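Survey of secondary and tertiary structure
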Amino acid sequence: MFIAGATGYTGREVVRECVARGLETVAHVRPDSSRLDHWRKHFGAVGARVDTTAWRLDEIGATLARLQPSQVHALLGTTRKRGSGSGSGSAVVDTYEAVDYGLSIMLLEAALACGSNPRFVYLSALGADGRAVNAYMGVRKRVEAAIRGSGLPYLVARPGFITGDDRDETRAAERIASVVGDGLLGLLGALGAKRTQARYSSLTGAQLGAAIVELACEAREHAVLAETEQLRACVS
Ligand SMILES: NC(=O)c1ccc[n+]([C@@H]2O[C@H](COP(=O)([O-])OP(=O)(O)OC[C@H]3O[C@@H](n4cnc5c(N)ncnc54)[C@H](OP(=O)(O)O)[C@@H]3O)[C@@H](O)[C@H]2O)c1
């Protein structure tokens, strides 16, 4: 398993789930991460290997060709705050185009060329199949189309909000929106709109991570697409 975005709220849970299943798991951490020591300790304690290959197609390609993974996970994305200039000091410009599209597509190309025909696991977002209402959704729509056209087996996960009490504050806007949204959905659910509640309510990183690994490991179909309802069903 090669997990890009391993340091994220969802990614770290995917790493934990893969290790818990006894799978050989490589957690990718960007080499310029200001928290590299922290992540080395964290993933070491979890039981995963850390890889710090630079985000360049030739280098990521060489790493995947060496590892021959059965799954390659693209679980990364920047935030609007970073993209607006309050940057992270990253070697990659923090825009949706450079990170959410550019790095996901780089990983897809490397996965395609690596020779092990891995399942490509992509963390998209609910609504990515609709009209691209903003840059964030537009990027997800284009990445999904590239995955479908790649010929690789894939899992595309489309959750609504991913949040929980254990979420740090880098995505504070999503956290606030999800708390308000879950409250309203709870009300709707109590009034009988269970389907709406199931479709839009938030998932925690742990729930989503467990669902992604379950679906990616158990799927026999070439193409798997899972939205909130199916993802939640895997873990309840
Ligand atoms: N949060 C939500 O409610 C929600 C809902 C649906 C879909 N999504 C999408 O799901 C994906 C993962 O979400 P999440 O909440 O688990 O993410 P997260 O906690 O914000 O983690 C983002 C990951 O992307 C990496 N990353 C960000 N900028 C980077 C850059 N410039 N270069 C290299 N790596 C970079 C981060 O690495 P560092 O730790 O090194 O920064 C981290 O591993 C994202 O694409 C997100 O948009 C999110």
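A brief report on the enclosed structure follows. Bear in mind the structure is a predicted one, so any value in this text is a computation, not a measurement. (Residues numbered from 1 in each chain as written. Predicted model: local features only at pLDDT ≥ 70, side-chain atom pairs only at ≥ 80, totals over all residues. Heavy atoms only, no water.)

On to the nonpolar core, then. In terms of nonpolar packing, the biggest core is built from 30 residues, with Ile3, Phe43, Ile212 and Leu231 touching the most fellow members. Of all the secondary-structure elements, those providing two or more residues to this core are helix H1 (11-20), helix H2 (36-46), strand S5 (119-123), strand S6 (154-158), helix H9 (205-218) and strand S7 (223-227). Setting aside anything within four residues of it in sequence, one finds Leu231 in contact with Ala157, Arg158, Pro159, Leu203, Leu208, Ala211, Leu215 and Ala226. Ala74, Leu107, Phe120 and Tyr154 belong to the second largest nonpolar core, which has 27 residues in total. (Core = buried A, V, L, I, M, F, W, Y, C linked by side-chain atoms within 4.5 Å. Buried < 20%, exposed > 50% of the residue type's maximum accessible area, 1.4 Å probe, protein only. Helix = DSSP H or I, 4+ residues; strand = E, 2+ residues; numbered from the N terminus. Contact = heavy atoms within 4.5 Å.)

Turning next to the packing of helix H3 (residues 57-67) against helix H5 (residues 96-113). For the pair H3 and H5, the least separation of the axes is 9 Å and the interaxial angle reads 45 degrees. Put simply, H3 runs oblique to H5. Crossing handedness for the pair H3 and H5: right-handed. Residue-level contacts link Leu57, Ile60, Gly61 and Leu64 of H3 to Met106, Leu107, Glu109, Ala110 and Ala111 of H5. The residue inventory of the contact of H3 with H5, partitioned by class, reads seven nonpolar, one polar and one charged. (Axes fitted to C-alpha atoms, helices over the stretch in contact; angles between N-to-C directions. Parallel < 35°, antiparallel > 145°, perpendicular 65-115°, else oblique. Left-handed = near helix turned anticlockwise from the far one by under 90°. Nonpolar A, V, L, I, M, F, W, Y, C, P; charged D, E, K, R; others polar.)

With that out of the way, let us pick up unusual backbone geometry. Phi angles above zero are rare outside glycine, and Gln68 is one such case at about 50 degrees. Residue placement: Gln68 occurs in the loop between H3 and strand S4 (71-74). Phi is positive for Asn117, which is not a glycine, with a value near 50 degrees. Mapped onto the elements of the fold, Asn117 is located in the loop between H5 and S5.

Scanning the entire structure with this criterion turns up twelve salt bridges. The residue Glu144 makes a salt bridge to Arg148 at a minimum N-O spacing of 3.9 Å. Separated by four residues within a single helix, Glu144 and Arg148 lie in helix H6 (residues 135-150), roughly one turn from each other. When its relative accessible area of 3% is taken as the criterion, Glu144 is described as buried. Arg158 is the partner of Glu227 in a salt bridge, and the nearest nitrogen-oxygen pair spans 2.9 Å. In this pair, Glu227 sits in strand S7 while Arg158 sits in strand S6, placing the two residues 69 residues apart along the sequence. For Arg158, a relative accessible area of 4% gives the class buried. What emerges from the salt-bridge pattern is a single network uniting Asp129, Glu144, Arg148, Arg158 and Glu227. (Salt bridge = Lys/Arg side-chain N within 4 Å of Asp/Glu carboxyl O.)

The quantities given are spatial measurements derived from coordinates; they are silent on function.
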